[in-house]
Amino acid sequence: MRGIVTAVHKSAFTMQEPDAGADDRPETSEGVLVYLGAAPSVKVGDAVSVSGTVIEYRPDDRADQLCVTELAESPQVTLLAHGQPLPAPVILGRAGRVPPAAVFCDDAPDGDVDLGGPFDPDSDGLDFFESLEGMRVAVQDAVAIGPTSARHELWVLGDGGALASGRNARGGLTSGVDDGNPERLLLDSSLKRLPDVAVGARFPGPLVGVLGHAFGNFRIAVQELPAAEGGVSPDGNEPPARDGELLVASFNLLNLSARTEPARVAALARQIVNGLGAPDVLGLQEIQDDSGPANDGTTSAATTVARLVAAIVAAGGPSYRGVDIAPLDGLDGGQPGANIRPVLLYRTDRGLQFVQRGAAGARDATTVERDAAGVVRLSRSPGLVAPLDPAFAHSRKPLVAEFAWAGRPLFLVVNHWNSKSGDQSLAGRHQPPVRGSDAQRVSQARAVRSFVDALLAADADADLVVLGDLNDVPGSAPLAVLTAGTAGRAGLTDLADGLPAAERYTYVHEGNSQQLDHILLSPHLLRARPTDLPAFRCVHLNAEFHAPPSDHDPCVARLHPAATR
């Protein structure tokens, strides 16, 4: 096999048929990876002849990954000439070949791409990129749809995103339950370091590289890149709560502990005070124990919470009080040894009163009861929702608390459901991918829904807020458990559903913007007076930026329970 060396990697190189020898079949690649297992001696532009064995390689520990076509098993490389012209790159976009925008693969036999099936590069994203594997490609006017990652990777769209579906107002690409956006392009820094940019950054002109596959995704090893321009800025600050309003927020703080570096704690505190308007109640997730990831048996998070509260005060905010229940050591998932848990922070200077009742441990379930006057209340506050339910095995237990505000009880449930870790890749071998983590989140949703139904059965006008990192998007099966009406009983309302579909996001994963953080209300809380401010907002402070203090954006809601009496 003869070709021109187009890229040199640590232990391999790619070669491609010269333009004069290329066939006229776009469904077949003209390039291939030559794996040597040692540093190549060839250079870009060398003409070479290679003999070896063609294999389809997949790492033993990545059964869900697509195979990579390679010339391997000690290939013999003969240098023919130096300084040859490189093959012209295939343009990915409207001036060349347009990637599919909806389907990764819809015809894999028994859901396994390895078993064959029709090859449809015009309609299936996996087939499209497979047809270009090993070839030089170019992208015109790329725009970033995710921030540069810690691995110096960057997801982009070509043509300024003009042909993509689901663009949001800030330049990202919002995914839905049934659209994982195969038109996304992954750039890596294996051949050229990529700049640290935010969503919306543009690269005017062509970027050029070689398309390959590694770590579960097709990717472009960039060789030529225009200078980046622009990018989004953090959202404007949320106005503080007005008289008669209750400002409630949900915020995942990304493994915050007493050992977290002070600069990151201070940055999170400023976001709470300024970006979120110092909410009356904060439902927090990923609060670690006081020793952080040290696996030393510590479970208390008192020092972690105290550090955050002190930083909020130092940033000009109010003094909050914290509520949590320490988990049993090592049983709630997350970073090993860190014992993450949900935490409630609340202000005491605006009329909100926490109701302390009973004593709850990590195994004690809170139930709904009535006092002597017939008023509905919690058996324990703070407490946990169904902590012994198998749905919460190795996962965070929902924290529930009772407050008094405007003369009535107010109930809040803070959640952090299990993650999508372990789900099959969007761009993997199995199509459609199996979302194995869904089943546990559906079970967790049912446990929370049982608590909701018990509360609303006791008082249909109960004021209830269910919030947190639910690790799933609007329209997903777990969210539907909370929002669906069942047996004559109304479901909760997810305030994110009131946003335009493209604007529902608090997290960016592999260039897909997603709404993982939610605030849901009981029917009574929806009968509130309108204001000139949005009732719900995703405040974009972190997810679109490189190296932020958290990887989630918070969301906030303005409630008016006093207006519904």
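Just above sits the structure.
First, a word on scope: everything that follows refers to the structure included in this document.

Each value, and the rule that gives it
Residues numbered from 1 in each chain as written. Predicted model: local features only at pLDDT ≥ 70, side-chain atom pairs only at ≥ 80, totals over all residues. Heavy atoms only, no water. Helix = DSSP H or I, 4+ residues; strand = E, 2+ residues; numbered from the N terminus. Rg over C-alpha atoms; globule rule 2.2 N^0.38 Å. Buried < 20%, exposed > 50% of the residue type's maximum accessible area, 1.4 Å probe, protein only. Contact = heavy atoms within 4.5 Å. Areas by Shrake-Rupley, 256 points an atom, 1.4 Å probe, with all protein chains shown as cover. Lys, Arg positive; Asp, Glu negative; His and termini not counted. Charge placed at Lys NZ, Arg CZ, Asp CG, Glu CD. Pairing = 2+ DSSP bridges. Axes fitted to C-alpha atoms, helices over the stretch in contact; angles between N-to-C directions. Expected span 1.5 Å × (residues − 1). Salt bridge = Lys/Arg side-chain N within 4 Å of Asp/Glu carboxyl O. Phe/Tyr/Trp six-rings, centres within 6.5 Å; stacked < 30°, edge-to-face > 60°. Lys NZ or Arg CZ within 6 Å of the ring centre and 35° of its normal.

Moving on, we come to the overall build of the chain. Within the chain, the secondary structure is distributed over six helices and 28 strands. Scaling as 2.2 N^0.38, a compact globule of 565 residues should have a C-alpha radius of gyration of about 24 Å, and the chain matches this with 27 Å. Its C-alpha atoms give the chain principal-axis dimensions of roughly 90 × 45 × 45 Å. When the 565 residues of the chain are sorted by exposure, 54% land in the buried category. In the chain, the share of contacts with a sequence separation of at least 24, taken over all contacts with a separation of at least 6, comes to 71%. For the chain, the exposed surface amounts to about 22,100 Å²; the carbon and sulfur share of it is 52%. Seen as two clouds, the 47 positive and the 70 negative side-chain charges of the chain have centres 8 Å apart.

Moving on, we come to the sheet that holds strand E5 (residues 68-81). Read around the closed barrel, five strands run E1-E2-E3-E5-E4, paired in mixed fashion. Each strand axis lies, on average, 50° off the axis of its neighbour in the sheet, ignoring direction. As judged from the four bridges shared by strand E1 (residues 2-8) and strand E2 (residues 12-16), these two strands associate in the antiparallel manner. Within the sheet, the bridge partner assigned to Val5 lies in E2 and is Met15.

With that out of the way, let us pick up helix H2 (residues 262-275). With 14 residues, H2 extends 19 Å between its outermost C-alpha atoms, agreeing within 8% with the 20 Å of an ideal straight helix rising 1.5 Å per residue. Within H2 the residues assigned to the buried category are Arg264, Val265, Ala267, Leu268, Ala269, Gln271, Ile272, Val273 and Gly275. The inward-facing, buried residues of H2 abut strand E12 (246-256), strand E13 (281-287), helix H3 (302-314), strand E14 (320-323) and strand E27 (536-538). Note on H2: the residue one or two positions beyond its end, Gly277, has a positive phi of about 70°.

The next subject is the pattern of salt bridges. For the structure on display, the rule yields 26 salt bridges. Glu224 is paired through a salt bridge with Arg136; the nearest N and O atoms lie 3.9 Å apart. Taken as a pair, Glu224 in strand E11 (residues 217-224) and Arg136 in strand E7 (residues 136-144) lie far apart in primary sequence, 88 residues in all. Note that Arg347 and Asp349 form a salt bridge whose closest N and O atoms lie 2.8 Å from each other. By relative accessible area, which is 12% here, Arg347 ends up buried. Salt bridges sharing common partners tie together Arg170, Asp235, Glu238, Glu245, Arg537, Glu544 and Arg558.

With that out of the way, let us pick up the packing of aromatic side chains. Going through the model one piece at a time under the given rule, you end up with five aromatic pairs. Seen in terms of ring centroids, Tyr346 and Phe354 are 5.5 Å apart; in terms of plane orientation they differ by 35°. Their pairing is tilted. Here Phe354 falls in the buried class, since its relative accessible area comes to 18%. Relative accessible area serves as the criterion here: at 7%, Tyr346 is assigned to the buried category. Members of the aromatic cluster, joined through ring pairs, are Phe128, Phe129 and Phe218. Over the ring of Trp155 we find Arg184, and its NZ or CZ is 4.6 Å from the ring centre.

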